[in-house]
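Tertiary structure, described
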Amino acid sequence: MDVKIIAISPKGTRKIFPLVANQTTLGRQDDCDLKIPLSEISRRHCQIIVEEKSVRIKDLGSANGTFVDGQKVDEQELKPGNVISLAGAINFMVQIDGEPAEIDEAKLRQKPQAKKMPEEKKPAEPAAPFASTSTTSTEESIADEILGESFFMDMDEEEEE
């Protein structure tokens, strides 16, 4: 099974992360398979497990949550085209065996956010899984600035040449 997660840099460069191991750990810690240097991301945030016939994501007790298509999850099977959001700081699209063939970059560029609960199910004091860092669409969040400087640095520098 060929599994990739895809992100878009703040400058618009596509970054593809092939998941070659059976288990890929995402987090802030140096020993994670995919290190994401953002304070919103837990040291060991989540794990993607690739099995013979399925792909699953498992939250590792992260402080700010793991979301699939806007729904907070503890563990869930992933399908092609699902969008994973880590702590509302970064989005990844799941590609399995080349599907989806076309990556919806607009969907990936959207600020990660959880879907709102229906009015009758909202808690008395709603606690957001992450803080919004932008008030307008033209402002870049701190996460975008950090990712632009480190996570995507090599790609965005190559694009400028």
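Refer to the structure above for everything that follows.
Below or above, wherever it landed, is the structure these notes cover. (Residues numbered from 1 in each chain as written. Predicted model: local features only at pLDDT ≥ 70, side-chain atom pairs only at ≥ 80, totals over all residues. Heavy atoms only, no water.)

A few points about the overall build of the protein chain
- The helix and strand tally for the protein chain stands at 3 helices and 11 strands.
- Sequence-ordered secondary structure for the protein chain, helices as α and strands as β, is β-β-β-β-β-β-β-β-β-β-β-α-α-α.
- Among the 161 residues that make up the protein chain, the fraction classed as buried is 42%.
- Restricting to contacts in the protein chain with at least 6 residues of sequence separation, those with at least 24 account for 42%. (Helix = DSSP H or I, 4+ residues; strand = E, 2+ residues; numbered from the N terminus. Buried < 20%, exposed > 50% of the residue type's maximum accessible area, 1.4 Å probe, protein only. Contact = heavy atoms within 4.5 Å.)

A short note on unusual backbone geometry
- The omega torsion of the bond from Glu99 to Pro100 falls at 0 degrees, within 30 degrees of zero and hence cis.
- For Pro100, the location among the structural elements is in the loop between β11 (90-96) and α1 (105-109).
- One non-glycine residue with positive phi stands out, namely Asp69, at about 50 degrees.
- Secondary-structure assignment places Asp69 in the loop between β7 (66-68) and β8 (71-73).

Topic: the pattern of salt bridges
- By the definition in use, this model includes 6 salt bridges.
- A salt bridge links Glu75 to Arg56; the shortest N-O distance between them is 1.9 Å. Remark: Arg56 occurs in strand β6 (residues 55-59) and Glu75 occurs in strand β9 (residues 75-78); sequence separation between them is 19 residues.
- Several salt bridges share partner residues, and in doing so they unite Glu51, Arg56 and Glu75 into one network. (Salt bridge = Lys/Arg side-chain N within 4 Å of Asp/Glu carboxyl O.)

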